[in-house]
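Residue strings, one per chain:
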Amino acid sequence: MKIDEKYYRTIWPTHGAEAHKNDAMLAVEIIDQTMLPHRFEIKAVHCLEEMVTAIKTMQVRGAPLIGAAAAYGMALAVQSDASDIHLEKSAQALLLSRPTAVNLRWAVNRMHQHLAALPSEARHSAAWQEAALICEEDVQMNHAIGQHGLALIQSALAKSNKNTLNILTHCNAGWLATVDWGTALAPVYAAHDAGLNVHVWVDETRPRNQGASLTAWELGQHGVPHTVISDNAGGHLMQHGQVDMVIVGADRVTSTGDVCNKIGTYLKALAAFDNQVPFYAAVPSPTIDWTIQDGLSDIEIEMRDADEVSYMSGLASDGTVQSVRVTPAHSHALNPAFDVTPARFVTGIITERGVTTPSRLKQRFE
Ligand code: MRU
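Being a predicted model, the structure only gives us computed values, none of them experimental.

Okay, the sheet that holds strand β7 (residues 198-203) next. Pairing is mixed across the open sheet formed by seven strands, whose spatial order is β8-β7-β6-β9-β12-β17-β18. Each edge of the open sheet is held by one strand with a lone partner, namely β8 (226-229) and β18 (354-356). Ignoring which end each strand starts from, the neighbouring axes of this sheet average 25° apart. The pairing of strand β17 (residues 348-351) with β18 spans three bridges and is antiparallel. Paired with Thr351 across the two strands is Gly354, which belongs to β18. Seen against the sheet, helix α5 (residues 120-160) touches β6 (165-169), β7, β9 (245-248), β12 (279-282), β17 and β18 and runs at an angle of roughly 135° to β17.

Written out as structure tokens, the structure reads:
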């Protein structure tokens, strides 16, 4: 997507995708998302350990981008040591970096299997190629999700007799959460680019405020009309007919269509259900965990540092980014980062293969 008229993806190897052919030592560049929306900073990641840190600290975040970052983490690891034992250790380190987004496991396993089958001297070049392929596929899948979602938006607009369709989203499932396009926001960008009037209600998404800081920023960069709302406002807006559709992303979807996404998604789905607002999850296939059926019992929910609840950061009037405490000094806080929306509250799942009900998800991929 474009930032100030320049095209960016969220992750790329230094010197371009072909540089590994010269056996050059490469680094990976990322947009440091902990700095947005106040500063746009590109950061170079030089080794596996730095990539693990970038994932843990959420300089890169969002399920598909975590997968892409892990793939490049494997390429960086192989660059320093292409032995079997190092491949295994590096895969384990990446797998432990964040537990919920299944894209991480999917990408690490794909890289590991691909590289382990090759002689060690062929692994360096193959690792960079496979990581780049994972990124390309992500872009293609998200583009297809955008086109399928565009058809949904077109038909909702036609049925509604409204001039503008109001779409609510939670967290950031835009291009910053992927390599490009986004998942939940891909249909929004497709609709906006097709000249349809869409307006997005952006949940702020406490505690890390991915909605207020990232979704609002990227929609603004693309010129999409949007309004940031507090996390608790969505239900009220739905009761008053001001939300026509909810589209969220996901970190893991079960084979039965339970949707695990950023904490608070479940409450939006309940409110949508009560108000007959269609609730969609936009999900590229690497986000589907075909090995599990029950999202509530089978998905590990990441517990993050309680300080993310107790402190908030923002831009002070002197232009510096500052962190301030918002809870009493001795109050405990708890920070589960994701929740599960049971399939019964999900109207449809938008994948690269089209829109389907949760109960037909499996069939769609057979
Ligand atoms: O903790 P985060 O910021 O990595 O969580 C991101 C989300 O929950 C997104 O909604 C999800 O990964 C879908 S990304 C296309």
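A few words now on the domain arrangement of the protein. Domain annotation of the protein identifies domain 1 (2-136) and domain 2 (142-364). A straight line from the C-alpha centre of domain 1 to that of domain 2 covers 25 Å. Listed per partner, the contact involves 34 residues of domain 1 and 35 residues of domain 2. Summing both sides of the interface, domain 1 and domain 2 together bury roughly 2,800 Å²; the carbon and sulfur share of this comes to 57%. Broken down residue by residue, the surface that domain 1 buries against domain 2 is led by Arg61, Pro99 and Thr100, which jointly contribute 21%. Inspection of the region where domain 1 meets domain 2 yields two salt bridges. The partner of Glu302 in a salt bridge is Arg98, and the shortest N-O contact between them spans 2.8 Å. Linking domain 1 with domain 2 are 16 residue pairs in polar contact (both at pLDDT 80 or more), by the criterion used here.

For the rest of this paragraph, the subject is unusual backbone geometry. Of note, the amide linkage connecting Leu36 to Pro37 takes the cis form, showing an omega dihedral of 5°. Following the sequence through the fold, Pro37 ends up in the loop between β4 (28-31) and β5 (42-45). Across the junction of Arg206 and Pro207, the peptide omega takes the value 5°, indicating a cis bond. The phi angle at Asp4 is positive, at roughly 45°, despite the residue not being glycine. Checked against the element boundaries, Asp4 lands in the loop between β1 (2-3) and β2 (6-7). The residue Gln276 is not glycine, and still its phi comes out positive at about 55°. Relative to the helices and strands, Gln276 is located in the loop between α9 (265-274) and β12.

What counts, and where the lines are drawn
- Here the residue numbers are simple positions, counted from 1 along each chain's written sequence.
- The predicted origin of the model limits local features to residues at a pLDDT of at least 70 and limits the giving and counting of side-chain atom pairs to 80 or more, whereas totals for whole chains, interfaces and linings rest on all residues.
- Heavy atoms throughout the structure, all of them, feed into the side-chain values; hydrogens and water do not.
- Here, a strand pair is defined by DSSP locating no fewer than two bridges between the strands.
- Helix numbers and strand numbers start at the N terminus; a helix is a DSSP run of H or I with at least 4 residues, a strand a run of E with at least 2.
- Orientation is described by lines fitted to C-alpha atoms, with helices fitted over the stretch in contact, and by angles between N-to-C directions that extend from 0 to 180 degrees.
- Throughout, a contact is declared for two residues whenever any of their heavy atoms are within 4.5 Å.
- Domain delimitation in this document rests on an assignment produced automatically or drawn from a domain database.
- Buried area counts how much accessible surface, traced with a 1.4 Å probe, disappears from two parts once they are put together, with both parts' losses summed.
- A pair is scored as a salt bridge if a Lys or Arg side-chain nitrogen falls within 4 Å of a carboxyl oxygen belonging to Asp or Glu.
- Two N or O atoms form a polar contact when they lie within 3.5 Å of each other; inside protein one atom must be a possible hydrogen donor and the other a possible acceptor, and for residues adjacent in sequence the pair counts only when both atoms belong to side chains.

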